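What follows is each chain in one-letter form.
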Amino acid sequence: MSSNPTVPASPESPTQTPIVRVHIRQRLFSTLEGVFNEEVFFLILSVFIGIFSGLAVVCFRLAIDWTHLALLGPLPQTHSWRLFAVPAIAGLVVAALVLHVFPGIRGSGVNQTKSALYIFNGFIPFRTAVGKFFCSAIAIGSGQSLGPEDPSLQIGASIASALGRHLQISREKVRLMAPVGAAAGLAAAFNAPISAVLFVIEEVIGRWSAGILGSVVLSAVASVVIVRSFLGSEPLFHIPVTAFKRPSELLAYAALGLIGGFASVAFAKSVGALRPRLKALPRWTQYLQPAVAGLLVGLIAFLGAPQVMGAGYDSMDQAMHGQYAWKFLAMLAVLKIVATTVSFVSGTPGGMFAPTLFIGAMLGGAVGGVEHIFFPQLTGSTGTYALVGMGVLFAGFLRVPMTSVFMVLEVSGNYEIIVPVIVANTVSYLVARSFQEIPIFDLLTRQDGLVLPSLEEEREENILHVEDAMLPVSKTILNAQDYVDTSARRVQDSSESVFLVRLHPSGWNLITREQLQRLDREGKGELTLASVLPSPPLPSLYPDLPLDSALRYVNAYALVPVVNRADFHRLEGVISRDSVLHKYGSPSEGS
Amino acid sequence: MWWRLPKLVPRSGPVILLILTLGAVAGFAAVSHLVVRYNANQQSRGRKLYASGLTAASSGRYDAAIDAFRAALTCDPANSQYQLSLARALRDSGDPSRLDEAESYLVALWQRTPQDAAVNLALARVAAHRGSIDDAIGYYHNAMYGVWKSDADANRNSVQIELIQYLLKKNARAQADSELIALATALPRDPAAHLQAASLFVEAEDYAGALAQYEDVLRLQSNNAAALAGAGAAAYRMGNYTLAQRYLRNALAVNLEDRDSRQLLETAELVLRSNPFRSYISDAERNRRIAADFARAETRLTACAAQAGVSLDATGSSSPSPLLRLQAQWNAVKPDLRQLQSSTETDLPDTIMDVVFQIERRTATMCGRPQGVDLALLLISEQREAATQ
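Because the structure is predicted, anything quoted here is derived from the model rather than measured.

Parameters and conventions
Residues numbered from 1 in each chain as written. Chains lettered and ligands numbered in written order. Predicted model: local features only at pLDDT ≥ 70, side-chain atom pairs only at ≥ 80, totals over all residues. Helix = DSSP H or I, 4+ residues; strand = E, 2+ residues; numbered from the N terminus. Buried ≥ 20, exposed ≤ 12 C-beta atoms within 10 Å, placed from the backbone. Contact = placed C-beta atoms within 7 Å. Pairing = 2+ DSSP bridges. Axes fitted to C-alpha atoms, helices over the stretch in contact; angles between N-to-C directions. pLDDT = per-residue confidence, 0-100. Core = buried A, V, L, I, M, F, W, Y, C linked by C-beta atoms within 7 Å. Domains from an automatic or database assignment. Parallel < 35°, antiparallel > 145°, perpendicular 65-115°, else oblique. Left-handed = near helix turned anticlockwise from the far one by under 90°. Nonpolar A, V, L, I, M, F, W, Y, C, P; charged D, E, K, R; others polar.

J.: Explain the overall build of chain A to me, using residue names and the numbers behind them.
T.: Summing up its helical and strand segments, chain A has 24 helices and five strands in all. Per-residue burial over chain A gives 51% buried out of 591 residues. Intrachain contacts of chain A at a sequence separation of at least 6 include 78% that bridge at least 24 residues.

J.: Quick one: what's the story with the sheet that holds strand 3 (residues 508-512) of chain A, residue by residue and with numbers?
T.: Residue and element names in this part refer to chain A. Ordered in space as 1-2-3, the three strands form an open sheet in which the pairing is mixed. Strands with a single pairing partner mark the edges of an open sheet, and in this sheet they are strand 1 (477-479) and strand 3. Looking at each pair of strands side by side, their axes are set apart by 40° on average, direction ignored. As defined by bridge partners, strand 1 adjoins strand 2 (residues 498-502) across three bridges and the pair is classed as parallel. Note on strand 2: the bridge partner recorded for N479 is R502.

J.: Summarise the confidence of the model for chain A; cite the residues concerned and give the values.
T.: Overall, the predicted model of chain A reaches an average pLDDT of 85, with 89% of residues at or above 70. Low pLDDT, under 50, characterises residues 587-591 of chain A; the predicted model gives this stretch four contacts beyond four residues in sequence or across chains.

J.: Residues and numbers for the nonpolar core, please.
T.: Grouped together as the largest cluster of nonpolar side chains are 158 residues, with contacts concentrated most on A183(A), L186(A), A187(A), A196(A), V200(A) and M362(A). The element that contributes the greatest number of residues to this core is helix 2 (residues 38-72) of chain A, accounting for 17 residues. Residue-level mapping places this core at the junction of two domains, with at least three residues from each of domain 1 (38-231) and domain 2 (247-457) of chain A. What V200(A) contacts, discounting residues up to four positions off in sequence, is P179(A), A182(A), A183(A), L186(A), I205(A) and V216(A). Judged by nonpolar contacts, the second largest core, of 95 residues, contains V119(B), V217(B), L301(B) and L326(B).

J.: I'd like a description of helix 18 (residues 440-447) of chain A, backed by residues and values.
T.: Listed in full, the buried residues belonging to helix 18 of chain A are I440(A), F441(A), D442(A), L444(A) and T445(A). Looking at the packing, one finds that the buried side of helix 18 of chain A touches helix 4 (110-118), helix 8 (193-205), helix 10 (250-279) and helix 15 (382-397) of chain A.

J.: So what's going on with helix 24 (residues 577-584) of chain A? Which residues, and what values?
T.: Residue and element names in this part refer to chain A. Of the positions making up helix 24, those classed as buried are R577, S579 and V580. The inward-facing, buried residues of helix 24 abut helix 23 (548-554) and strand 5 (571-575). After helix 24 finishes, the residue G585 shows a positive phi value of roughly 90°.

J.: Quick rundown of the environment of G396(A)? Include the residues and the values.
T.: Along the polypeptide, G396(A) turns up in helix 15. In contact with G396(A), not counting residues within four places along its chain, are G260(A), G261(A), S264(A), S428(A), Y429(A), V431(A) and A432(A).

J.: So, unusual backbone geometry: which residues are in play, and what are the values?
T.: Each neighbour pair has its own omega, and for H504(A) with P505(A) the value is 5°, a cis peptide bond. Relative to the helices and strands, P505(A) resides in the loop between strand 2 and strand 3. With a phi angle near 50°, D151(B) is a residue other than glycine that sits in the positive phi range. According to the C-beta neighbour criterion, D151(B) is exposed, with 10 such atoms within 10 Å. Phi is positive for N171(B), which is not a glycine, with a value near 60°. By the secondary structure assignment, N171(B) is in the loop between helix 7 (152-169) and helix 8 (173-185).

J.: Quick one: what's the story with the packing of helix 14 (residues 283-308) of chain B against helix 15 (residues 322-338) of chain B, residue by residue and with numbers?
T.: All names here are of chain B. The geometry of helix 14 relative to helix 15 is characterised by a closest axis approach of 11 Å and an angle of 160° between their N-to-C directions. With respect to helix 15, the axis of helix 14 lies roughly antiparallel. Between helix 14 and helix 15 lies a crossing whose hand is left-handed. Residues A291, F294, A297, E298, L301, C304, A305 and A308 of helix 14 form the contact with helix 15, whose participating residues are L323, L326, Q327, W330 and L337. Tallied by class, the residues present in the contact of helix 14 with helix 15 amount to eleven nonpolar, one polar and one charged.

J.: Can you lay out the confidence of the model for chain B for me, pointing to particular residues and giving the numbers?
T.: Mean pLDDT for chain B: 85, with 94% of residues reaching 70 or above. Among the prediction metrics, the complex's ipTM stands at 0.72, with pTM recorded as 0.66.

J.: An account of the packing of helix 10 of chain A against helix 17 (residues 418-435) of chain A is requested, with residue identities and associated values reported.
T.: All names here are of chain A. Relative to each other, helix 10 and helix 17 sit at 35°, their axes nearing to 7 Å. In the packing of helix 10 onto helix 17, the handedness of the crossing is right-handed. Contact residues: L250, Y253, A254, L256, G257, L258, G260, G261, F262, S264 and V265 in helix 10; V419, P420, V423, A424, N425, T426, V427, S428, V431, A432 and F435 in helix 17. Among the residues forming the contact of helix 10 with helix 17, the class breakdown is 15 nonpolar, seven polar and no charged.

Next up, the structure:
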């Protein structure tokens, strides 16, 4: 970045000549320019992304609240005609907008953000943010069973992408802008920066990357600060007093994890099965699908369960305070799975985070209620089980085990519950993985014809390490202080043709038998190996490094030493091109 | 297309950051304006819902009140007054399962403002509902010494009285006594406050403390009928029938319709007239009273035996009724009555009256608490027993 500020001299200054003033300004400007290298600039930009995303999410939440109040009133009552009329009519409006004005805003937005990172060089049209904002606000505000978090994530990502493109930073940085904005949007929506950062790393970026972690954290924190300054720092839920007293109760929480895992599978399979079928229907039906979904959700509400409408945070709050009997909680969990499935597969823009938490809270409360009937000695309240249940569905359905644990901790502010949460979430995650091979977001992406990397798949990969291809150390190791003629005699009868030379005080080098014999013939037998070896010395590898890292050396060197991390003089083995290729399963060129 | 951002021309880092800063400030200002307007609108809506919730709560319609307070909180989630009212409605709804939610709201409020007396009082009542005496006492104390938004002294006094009533209900007498002592020392010069304190002392069966409070009232209002009646009753319970007589007569002079005081006065006067152990009476009068009490005891014994279906003529039973044994004692002592005037034996009055007291106590147990002279004799017996102990 450069500038050439040519400032006209001001005649008012009595002490400085115009030339001096221009010089000072130029110096000041060039100093500032020097400070703003791209790395620093990117970090500062992350804060602005957080600020703008936070502002957008504040407006988004106001828009949802306002729409809800205007269309349904502050507390929807059962048996009111508005319950099914409003979401149905709003569904028609949303469908028309999605099909004609904002075609890229269907669904949650997590996949689109991930696609932007891996396929479209970080490009998300700003129009997506606008469309997502209005259509999701109408859909969620009118009662469709969807949540505001995923749209917030995409709105944040769109803002970041637009900023990145227009500020003409490097392509690599532009590509990373979307996840930075995604973290900001999600953190603002959840009021939970740690969960947002972890989710973006687990699900969007798909790998731990030190290069972007700082930016993601900065943007998440900035957006949460903005949201709290406008909407207050009230937690998402008023969690009742919870405590984990008896380790034997972990069995009860494990049972919750088991049931939650199966519920996650049922939810994911119903979404995964219905979505492509509805997308395959004729285009004209897409005008009606959100309306029919709204009608169904409204009908459920009309018949006695208005709790399933919208994000349902108030109902979760009440479930956590033991306001519902276990039968009603179980019914709400099932109805919410139905309502969210129809809302989501109809193509209505909106998120699945809040419904997932809702289903988990209801299921957890129900399981806790049943367990208390059979085991009255359990000390965990229904609210505690509801809280753990939220994490269970999050881990099982969204397949983000780390995020699920931290999310529960952040929304509850209670670290006593961490052990049950970890146990239940792990069980749920394992059950979901066993019965639903592909995580839900990857499944949706593949249904859209895209294949994106996932951290879960990377975790499953059997990564080869240097030690897997390592060969035993040769019996003949030369020293740099040895003379050429002595060394030539030592290797004369060896079956090997290449020998490692130990350098002084540390390091390794290579020499061949032919080189030694030639030097001896040339009368350089009185010289030490150190004086005839080529420089620089060989690079060294460690046994635990990925085998990929050896590839860049094995073509250049016949042997690469593998040394101990604690004692780099100690040789663990050697790597050769043949040994590496053999481990990868490919025949070497020479063989 | 209209939604595309214009290409930003500057390539200089500082300029871009300056533009972004200006944009952030402008955005912040715009969103602030929006949020302020939205909040004002929501707060207005919240106030209406809150008012309807208060109306519902005051008429005992707690479900409607809870709905209204919840709706008010959706308009203004951080409003501590709404949260407090919702918590109170949840607590007072009579549904024990709602106590958890009430408590969580209150605990959240308490964490924000631990010194808030109203929040502490609400938490004390939740703890009292749960039966957690220690928690309740702690929160009541916090409420007493916490910050009240208005009328602090009266509120503290009222909280202390509520705590005492709670402790008395839970039979925590020792704690109630210490709270009562603390209350009595800090009462304002207000007859109503002293009367209330006196009634708490009565409830705690601390009649001396009650009498002191009633006398404080009388120092402020010498003709206070409630205080005169209360002082008379307290003195009566303490066994100070002379003082009781004086206060009860004055109470009746102020309020002729006071039947309780009249009844107590009659009994007190009977005690004073029947008690042979009173000081400053002559020997003749003492002997007359003993004879009258002795005769009265026989009448009581006969009436009780008839009521209980026991024949006092029956003899030779292997397990004779206690009433028969009492009659035997009475008959055994009867000859001594004639020797009262001539005898120099100082224990004789006690011996005779001991039979009288035994008859009165036993018949009270078997045939119910007596009236009139029998009641007076029973009270004298209790007084004597307390004095000997």
